[in-house]
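Structural characterization, general
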There are 2 protein chains.
Amino acid sequence: MKPIYPTPDKAGLTTSLTGLDAKGQPVTIPVVTERPLTIFLNRQEVVTAMTLGDQPEALAVGFLRNQNMLTADDEITAIDVDDELAVVVVRTARATDYEDKLQKKIRTSGCAQGTLYGDIMDQFDEVTLPKGPQVKASTLYQLSAAINAIPSLYLKAGAIHGCALATDETPLLYLEDIGRHNAVDKIAGHMFLQAISGADKIFYTTGRLTTEMVIKTVLMGIPILVSRSGFTEAGVSLARQAGLTLVGRMRGARFTVLSGAERIIFDDIREEVKQEKSSAQSAQLGGRER
Amino acid sequence: MKPIYPTPDKAGLTTSLTGLDAKGQPVTIPVVTERPLTIFLNRQEVVTAMTLGDQPEALAVGFLRNQNMLTADDEITAIDVDDELAVVVVRTARATDYEDKLQKKIRTSGCAQGTLYGDIMDQFDEVTLPKGPQVKASTLYQLSAAINAIPSLYLKAGAIHGCALATDETPLLYLEDIGRHNAVDKIAGHMFLQAISGADKIFYTTGRLTTEMVIKTVLMGIPILVSRSGFTEAGVSLARQAGLTLVGRMRGARFTVLSGAERIIFDDIREEVKQEKSSAQSAQLGGRER
């Protein structure tokens, strides 16, 4: 499939704003867009998300899929986007009604964010992740370096999260959003719309490895989750429960794996030395995570 | 008042977890706690937040205050915390019922996160921020350096957000949480419980300057908002509308102000040179924000 990467120069995703620097001198910088998007499933308003605004179809489908309001075998009959109204409507062959479910929201952690619904954990317990694939440590940090090198809103304006889906060191999907949860949902949306299986994939995120991130990755059927950021104890605990490979604090050729290390092949040290250089470089892009 | 700072070594806030590093060698690291806390206002369940778990009283009061479910003149008669049930109940002299309000949630951006309710913007439009105070640029980066030097879960374990309230280069309140919104709410909670006015304060956050962050700061009556992270266009637009001083990308002696620059005194350049050194240092703590 054709890879999907960020389009940092696309109109509407950033605005040039002028202000002053610390010396009181005028400065103009690109600033990312943040706008509301209300997601409907058929006749039902589900949520209003603040988002970058690109890829509303993928965001809506992925959000609904990750909430299991869209099931794996649902047939999408139409996706209508109204930019004026900032509304996206996903229509399915199956009649849907989640009024009860919509009453039971859980407000999740910081960057993990988002809105989780009560019955999600039931699905989580049912998932069995594939034993494989095995991935080389060097592939993981080559993937990380590749993502840091792809032109993005992150490199252009910062203040944004990114997620990527890959089978090796080259991302198949790399999507960004103000909200990390939105970036994750966009990935899930493309996976659903293009019938991409998670079973042989690596999921890379810039955000922290919290419960919501782990739950979504497992529900997406992806066995390996990698982040440049750190862990929460509950996130690690869920990952170990599900047998998810959880790799955090990815910096250059350094990382920490706290769950599912059996899927990682700890290969050549030489590779690391080379990577350490690009690590110093990428340190300018991201220090210790928040 | 006695300053309130993080307690990184307090039991229960971190757990030591063992895994492998990129060379396959065993490594043990501290990982922050993430746990659910359900907030009740009198008889009504309002929200379940995933949180660090410290300061449930301040978090609950601040959350309710920032949602305007607790009004400025409400009298809190009791705050009951049940650690077993992970529940905090805030009781008020006034009888409350926000059933309608609870139906109307907006899912907000990434780290800004949280749950905003429909009528919040009405309050936002009514707020008039004080003209003052004026603050020196050097005070802002001394404050930033001070926050980076105070022992914290961020320095110990990472993967956490921090917020601080100050009148000068020394924070009065510095609180952390998995969720930035929770850290903000904890500040609001202490402000309410100790009757601290926002009118002469500087609000520092590690997170991005999104709409929710700007809205909450304005509703808290704080005229100056500073972040080590970046901006969203909508956040800047709301700040300009409210006359909020919005300072972002604070790194060492560098920052960008995109709104309300009249409250900033651009003082001595010499100070900057000195600060540039500590900037290199703090660059290790935080690079480009997500």
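Residue and element names in this part refer to chain B. Viewed as axis vectors pointing N to C, helix α1 (residues 56-66) and helix α6 (residues 180-193) meet at an angle of 90°, and their least axial separation amounts to 6 Å. As the angle between them shows, α1 and α6 are arranged roughly perpendicular. Two secondary-structure elements touch here, α1 through A58, L59, V61, G62, F63, R65 and N66 and α6 through N182, V184, D185, K186, A188, G189, H190, F192 and L193. For the contact of α1 with α6, the residue count by class is eight nonpolar, five polar and three charged.

Residues and elements named next belong to chain A. Tracing the backbone through its elements, the reader meets V226 in strand β13 (residues 224-227). The spatial distance from the C-alpha of V226 to the C-alpha of T205 is 6.3 Å, given a sequence separation of 21 residues. With residues near it in sequence (within four places) discarded, V226 still touches L140, I202, F203, Y204, T205, V247 and M250.

Oppositely charged side chains may form a pair once their charged atoms are brought near each other. Counting across every chain of the model gives 16 salt bridges over all chains. In this structure, D80(A) engages R91(A) in a salt bridge whose closest nitrogen and oxygen atoms are separated by 2.7 Å. Here D80(A) is found in strand β5 (residues 76-82), whereas its partner R91(A) is found in strand β6 (residues 87-92), with eleven residues between them in sequence. The exposure class assigned to R91(A) is partly exposed, which follows from its relative accessible area of 33%. A salt bridge links K186(B) to D54(B), with the nearest nitrogen and oxygen atoms 2.4 Å apart. Placement of K186(B) in helix α6 and of D54(B) in the loop between β4 (44-51) and α1 is noted, with a sequence separation of 132 residues between them. The same class applies to K186(B) and to D54(B), which are both buried.

What follows deals with the sheet that holds strand β1 (residues 14-21) of chain B. Spatial strand order, β11(A)-β10(A)-β12(A)-β13(A)-β14(A)-β15(A)-β1(B)-β2(B): eight strands in an open sheet with mixed pairing. Unpaired on one side and paired on the other, β11 (171-177) of chain A together with β2 (26-32) of chain B mark the two borders of the sheet. Neighbour to neighbour, the strand axes of the sheet diverge by 30° on average, direction disregarded. Along the sheet face, helix α6 (residues 180-193) of chain A touches β10 (161-166), β11 and β12 (202-205) of chain A and points at about 140° away from the line of β11(A).

A word on the environment of A261(B). Assignment of secondary structure puts A261(B) in the loop between β15 (254-259) and β16 (264-265). Residue class for A261(B) comes out partly exposed when judged on its relative accessible area of 21%. Residues A261(B) and I224(B), 37 residues apart in the sequence, show an inter-C-alpha distance of 9.7 Å. Each residue touching A261(B), except ones within four places of it in the same chain, is listed here: L20(A) and F266(B).

Residue and element names in this part refer to chain B. Interaxial distance between α6 and helix α7 (residues 211-219) falls to 11 Å at its minimum, and their mutual angle equals 0°. Looking at the two axes, α6 sits roughly parallel to α7. Counted together, R180, H181, V184 and D185 of α6 and E212, M213 and K216 of α7 form the full contact between these two elements. When grouped by side-chain class, the residues that make up the contact of α6 with α7 number two nonpolar, one polar and four charged.

Residues and elements named next belong to chain A. Domains assigned within chain A are domain 1 (35-126) and domain 2 (135-272). Centre-to-centre separation of domain 1 and domain 2, based on C-alpha positions: 22 Å. Each side of the interface is counted separately: domain 1 has 34 residues, and domain 2 has 30 residues. Roughly 2500 Å² of surface becomes buried between domain 1 and domain 2 when both sides are summed, with 67% attributable to carbon and sulfur atoms. Partitioned by chemical class, the residues of the side of domain 1 that touches domain 2 number 17 nonpolar, 13 polar and four charged.

Across the sheet, which stays open at both edges, the eight strands sit in the order β2(A)-β1(A)-β15(B)-β14(B)-β13(B)-β12(B)-β10(B)-β11(B) with mixed pairing between neighbours. Two strands in the sheet have a free side with no partner beyond their single neighbour: β2 (26-32) of chain A together with β11 (171-177) of chain B. Each strand of the sheet is rotated relative to its neighbour by a mean of 30°, with strand direction disregarded. Direction of pairing for strand β10 (residues 161-166) of chain B relative to strand β12 (residues 202-205) of chain B: antiparallel, over a ladder of four bridges. Opposite A166(B), over in β12(B), you have I202(B) as the bridge partner. Set on the sheet, α6(B) makes contact with β10, β11 and β12 of chain B; between it and β11(B) the angle comes to about 140°. Helix α8 (residues 233-242) of chain B rests against β1 (14-21) and β2 of chain A together with β14 (245-251) and β15 of chain B of the sheet, and its axis sits at about 50° to β1(A).

About the thresholds
- Just so you know, the residues in each chain are numbered from 1, in the order the chain's sequence is written.
- Naming scheme: in the order in which they are written, chains are lettered from A and ligands are numbered from 1.
- Predicted model: local features are reported for residues with pLDDT of at least 70 only, side-chain atom pairs are reported and counted for 80 or more only, and whole-chain, interface and lining totals are derived from all residues.
- Hydrogens and water molecules were not included; the side-chain quantities draw on all heavy atoms of the structure.
- Where helices are involved, their axes are fitted lines through C-alpha atoms of the stretch in contact, as for all axes, and angles between N-to-C directions lie from 0 to 180°.
- Each helix is a run of H or I in the DSSP string that is no shorter than four residues. Each strand is a run of E no shorter than two, and both are numbered from the N terminus.
- Here the word oblique covers every angle except those under 35 degrees (roughly parallel), over 145 (roughly antiparallel) and from 65 to 115 (roughly perpendicular).
- Two residues form a contact once any of their heavy atoms are found within 4.5 Å.
- In the scheme used here, Gly and all other residues not listed as nonpolar or charged are polar, with Ala, Val, Leu, Ile, Met, Phe, Trp, Tyr, Cys and Pro taken as nonpolar and Asp, Glu, Lys and Arg as charged.
- The salt bridge criterion pairs a side-chain nitrogen of Lys or Arg with a carboxyl oxygen of Asp or Glu, the two atoms within 4 Å.
- Accessible area is worked out with a 1.4 Å probe on protein chains only. A residue is then buried under 20% of its type maximum, exposed over 50%, and partly exposed in between.
- Criterion used throughout: strands pair if DSSP finds at least two bridges between them.
- These domain limits were set by an automatic method or by a database of domain assignments.
- Summed over both partners, the accessible area lost on bringing two parts together, with a 1.4 Å probe, is the buried area.

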